Amino acid sequence: MATVARAISRTIVVIAAASLLIGCRELPSKARGGAQGPATGAPRETPQAAPIAPKATREVALQGSPFGVFYGLTTYRSRPSTQYMVELGADWTRQTLPWKGVEPQRNQFKWGTVDGAVSMVDAAARAGRPINVLSTFRTISPWAAARAPVKVREASVPPSDLQDYYRFVHATVKRARGRVRYWQVDNEVDSPFFWQGSAEEYVQLLRTAHRAIKDADPQAVVVAPGIQLWRRPMIEDEIAAGRDQRALDVYRAWAENNDEAKRAPTPSSAADLQRMFSQGKAATMGKHQSDFIRRLLDKDTAQYYDVLDIHIYHPCELIPDIVEWAQATMAREGYSKPIWLTETSGPNYPELWPNEKVGERRQAEEVVKRYVLALGCGVERVFWYVLVAPKHQDTGEWSRTGLLRRDLSKRPAYHSYRLMTQMLKGARSVRTLNIGSAVQAFEFTRPQGSIYVLWCDQGKTVRLPIGPCRLEIVDALGNQSTKETQGKEIEVQLSSTPIFVKRTALGRRSASLPGPTASADRHAEGLTADARLAQSELGATITSSGLAPSGDI
């Protein structure tokens, strides 16, 4: 998790078009890089008129469920939590595996956490709710470490003997082979909070882990460690490409609610940014971290992982720009990898939570925004951080990341997540639409008909050129409404709260929209039949395994 990250506020990603928004001046649309998905071709619900917008800036094919939640195996109070995964509709989760927890002494293995994950995967499959687990190795082992970590007790450090590390990784993957297929080699190694070694030492570790994982399970997938400190190399690349204004926009968006940045002079030019990068910590630690990321992304290192992982907290509107930068960097190096986002959440910081009601509403909105923005620019899997904050984050800013509160009651974000998976389940592709400046609009194509997701942080009324139809609308907070038109257009009011829109024929009501979700103040909710079925077996499986988060991320 981006422990050293700071809060930042919103910046607007402009997706513009020609004359689809009546009464508004449109700007040229911005084409984004990256792989393009195939033409949709998915069967649509009949009768079907023209789509909400006839033109898209890009289309991305979706393969399998993208929905994940970090720490979805158990809550930190060791209560079974697979019931929440089932109810949320999340098919992916992530756990950490500190070396010391699996092999506390050389050749003495404790398999409780690994076996617990395997048992959970097996039980989920029997319950008809397959769950995929991404396991993140942490190189934390007092007996195997080359040196002790400095200041941060739970930081990973290079092992004194890479053969010990090979044996540990190989044994763990072999134990879980066939059920756990996704393995990550440490976490956010671009930050000294998590990795206290050089870039070259990490590349040696990654090379060793890759060989051990593939030797133990040739079908396994190796995931890169999660890039946290993307800001500086991204800004440097924008300046190098002559996009000075974009570099300034990225910096300002990150810095606006960052207390440390607020105390520093505000840069007004690319030259100011370059001077900032050459002074103080930025000249030493900042350059080291930037160089570290570039080493992770170069083609020689990329041969040792199958998936690139990026961690993004604020602002959500920068997600497409960050992903585009990563795609462009890989293309420049001559390769391409799938991109996952295994940590994201927001808003987490006190200044963005003036009170719980406002903060929790914003969080519910951001659940939908973060997933939709990420999927729209080609991210394959997205994991919300976190189901419920672990013990060491039980208070303070990171305690607000949970879909569940500390007492395990459900935040509005829990219900918006559940609504999102219900609405977008089975989508085969997503198109980014040209609706109007400052408007975010996406079409998710499904076999039973498209679902549209729209919002505008500034608030705006748009006229959609869609012909005679009935619109069924539900927003991220669960409020429902309908609109009908006999004409060629229909007026829709947008706000910062995303809405899901389904088109049906006039006089016909769709059965696909979910019923009203729980209100923001409702903390308890009965489980569905599927959830109860999963809970009966999975809960017992997990409780008996002793599986629980390790206390570090």
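Just so it is clear, the structure is predicted and the values come from calculations on it, not from any experiment.

**Some details on the packing of aromatic side chains**
Item 1. The full count for this structure, using the stated rule, is 22 aromatic pairs.
Item 2. A centroid spacing of 5.6 Å and a plane angle of 75° characterise the contact between Trp 99 and Trp 143, whose relative ring orientation is edge-to-face. You can see Trp 99 sitting in helix H2 (residues 99-102) and its partner Trp 143 sitting in the loop between strand E4 (132-138) and helix H4 (162-176), a full 44 residues away along the chain.
Item 3. Classification of Trp 99 by relative accessible area gives buried; the value is 1%.
Item 4. With 5.3 Å between their ring centres and 15° between their planes, Phe 137 and Trp 183 make a pair best called stacked. Here Trp 183 lies in strand E5 (residues 182-185) and Phe 137 lies in strand E4, a separation of 46 residues in the sequence.

**Observations regarding the confidence of the model for the protein**
Item 1. For the protein, the average pLDDT comes to 83, and 80% of its residues sit at 70 or higher.
Item 2. Predicted confidence for residues 518-531 stays below pLDDT 50, and this span has 24 contacts to residues more than four positions away or in other chains.
Item 3. Note that residues 533-552 has pLDDT below 50 and, in this model, 47 contacts with residues that lie over four places away or in other chains.

**Some details on helix H9 (residues 270-277)**
Item 1. What H9 keeps buried is the set Ala 270, Asp 272, Leu 273 and Phe 277. Each buried residue of H9 lies within a common arc of 155° when the element is viewed along its axis, so the set occupies one face.

**Let's talk about the layout of surface pockets**
Item 1. By volume, the largest pocket is sized at about 1,200 Å³.
Item 2. Around the largest pocket, the lining comprises 35 residues; the ones closest to its centre are Trp 254, Glu 260, Lys 281, Ala 282 and Gly 286.
Item 3. When residues of the lining of the largest pocket are traced back to their parent elements, those giving at least two are helix H6 (231-240), helix H7 (244-255), helix H8 (259-263), H9 and helix H10 (280-297).
Item 4. When residues in the lining of the largest pocket are grouped by element, the largest group, 7 residues, is from H10.
Item 5. Residue classes in the lining of the largest pocket are distributed as 19 nonpolar, 8 polar and 8 charged.

**What to know about the sheet that holds strand E12 (residues 451-455)**
Item 1. If you trace the 7 strands from one edge of the open sheet to the other, you get E1-E10-E11-E12-E17-E14-E15, paired in antiparallel fashion. The open sheet has two free edges, formed respectively by strand E1 (56-61) and strand E15 (480-485), since each of these has just one partner strand. In this sheet, adjacent strand axes meet at a mean angle of 20° when their direction is disregarded.
Item 2. Pairing of strand E14 (residues 469-475) with strand E17 (residues 499-504) involves 6 bridges; the strand directions are antiparallel. Looking across to E17, one finds that Leu 471 is bridged to Arg 503.
Item 3. In the packing of helix H13 (residues 356-376) onto the sheet, the strands contacted are E1, strand E10 (429-433), strand E11 (440-445), E12 and E17, and the crossing angle to E11 comes to about 70°.
Item 4. On the sheet, helix H14 (residues 412-424) packs against E11, E12, E14 and E17 and is oriented at approximately 30° with respect to E17.

**Some details on the pairing of E15**
Item 1. In terms of strand pairing, E14 meets E15 through 6 bridges, oriented antiparallel. When the bridges of E15 are listed, Cys 469 appears paired with Thr 485.
Item 2. The turn linking E14 back onto E15 is made up of 4 residues, and Gly 478 within it adopts a positive phi angle of 95°.

**Quick word on the pattern of salt bridges**
Item 1. Following the criterion strictly, the structure yields 36 salt bridges and no others.
Item 2. Across the pair Asp 164 and Arg 167 runs a salt bridge whose closest N-O atoms are separated by 3.0 Å. Taken as a pair, Asp 164 and Arg 167 lie in helix H4 at a separation of 3 residues, close to a single helical turn.
Item 3. Judged by relative accessible area, Arg 167 falls into the partly exposed class, the value being 24%.
Item 4. Put simply, Asp 394 and Arg 406 hold a salt bridge, and the shortest N to O gap is 3.8 Å. Highlighted residues: Asp 394 in the loop between strand E9 (381-384) and H14 and Arg 406 in the loop between E9 and H14, separated in sequence by 12 residues.
Item 5. Look at Asp 394 and you get partly exposed, because its relative accessible area is 21%.
Item 6. The partly exposed category is assigned to Arg 406, whose relative accessible area is 39%.

**Let's talk about the nonpolar core**
Across soluble globular proteins, nonpolar side chains show a tendency to be buried alongside one another.
Item 1. Core analysis: the largest hydrophobic core is formed by 115 residues, its most contacted members being Trp 230, Leu 308, Tyr 417, Leu 424, Phe 444 and Phe 500.
Item 2. With 8 residues, helix H5 (residues 199-216) is the single largest residue contributor to this core.
Item 3. Contact partners of Leu 424, with chain neighbours within four places excluded, come to Phe 67, Val 372, Phe 444, Ile 451, Val 453 and Phe 500.
Item 4. Core analysis: the next-biggest nonpolar cluster, separate from the first, contains 19 residues, Leu 433, Ile 435, Val 439 and Leu 454 among them.

**Remarks on the packing of H6 against H10**
Item 1. At a minimum axis separation of 8 Å, H6 and H10 run at an interaxial angle of 85°. One finds that H6 runs roughly perpendicular with respect to H10. Between H6, through Arg 232, Pro 233, Glu 236 and Asp 237, and H10, the contact on the second element is made entirely by Ala 282, Gly 286, Lys 287, Ser 290, Ile 293 and Arg 294.
Item 2. Partitioning the contact of H6 with H10 into residue classes produces 3 nonpolar, 2 polar and 5 charged.

**A closer look at the sheet that holds E4**
Consider a sheet: its strands pair through backbone hydrogen bonds, and that pairing is either parallel or antiparallel.
Item 1. Taken together, 8 strands build an open sheet; the order of strands is E6-E5-E4-E3-E2-E9-E8-E7 and the sheet is parallel. The open sheet has two edge strands with one neighbour each: strand E6 (221-223) and strand E7 (308-311). Each strand axis lies, on average, 25° off the axis of its neighbour in the sheet, ignoring direction.
Item 2. Pairing analysis gives 3 bridges linking strand E8 (residues 339-344) to E9, with the strands arranged parallel. Bridged to Leu 341 within E9 is Val 382.
Item 3. Sheet contacts for helix H12 (residues 319-333): E7 and E8; angle to E8, the most-contacted strand, approximately 140°.

**Topic: H5**
Item 1. The end-to-end C-alpha distance of H5, which contains 18 residues, comes to 26 Å, matching closely the 26 Å that a straight helix rising 1.5 Å per residue would cover.
Item 2. Considering only its buried residues, H5 is in contact with E4, H4, E5, E6, H10 and helix H11 (299-302).

Scoring rules and cut-offs
Residues numbered from 1 in each chain as written. Predicted model: local features only at pLDDT ≥ 70, side-chain atom pairs only at ≥ 80, totals over all residues. Heavy atoms only, no water. Phe/Tyr/Trp six-rings, centres within 6.5 Å; stacked < 30°, edge-to-face > 60°. Helix = DSSP H or I, 4+ residues; strand = E, 2+ residues; numbered from the N terminus. Buried < 20%, exposed > 50% of the residue type's maximum accessible area, 1.4 Å probe, protein only. pLDDT = per-residue confidence, 0-100. Contact = heavy atoms within 4.5 Å. Arc of directions from axis to C-beta. 1 Å grid on protein atoms, 1.4 Å probe; cavity = no way out; pocket = protein on both sides within 12 Å on 5 of 7 lines; lining within 4 Å. Points joined across faces, edges and corners; volume = space filled by probe spheres on them. Nonpolar A, V, L, I, M, F, W, Y, C, P; charged D, E, K, R; others polar. Pairing = 2+ DSSP bridges. Axes fitted to C-alpha atoms, helices over the stretch in contact; angles between N-to-C directions. Salt bridge = Lys/Arg side-chain N within 4 Å of Asp/Glu carboxyl O. Core = buried A, V, L, I, M, F, W, Y, C linked by side-chain atoms within 4.5 Å. Parallel < 35°, antiparallel > 145°, perpendicular 65-115°, else oblique. Expected span 1.5 Å × (residues − 1).

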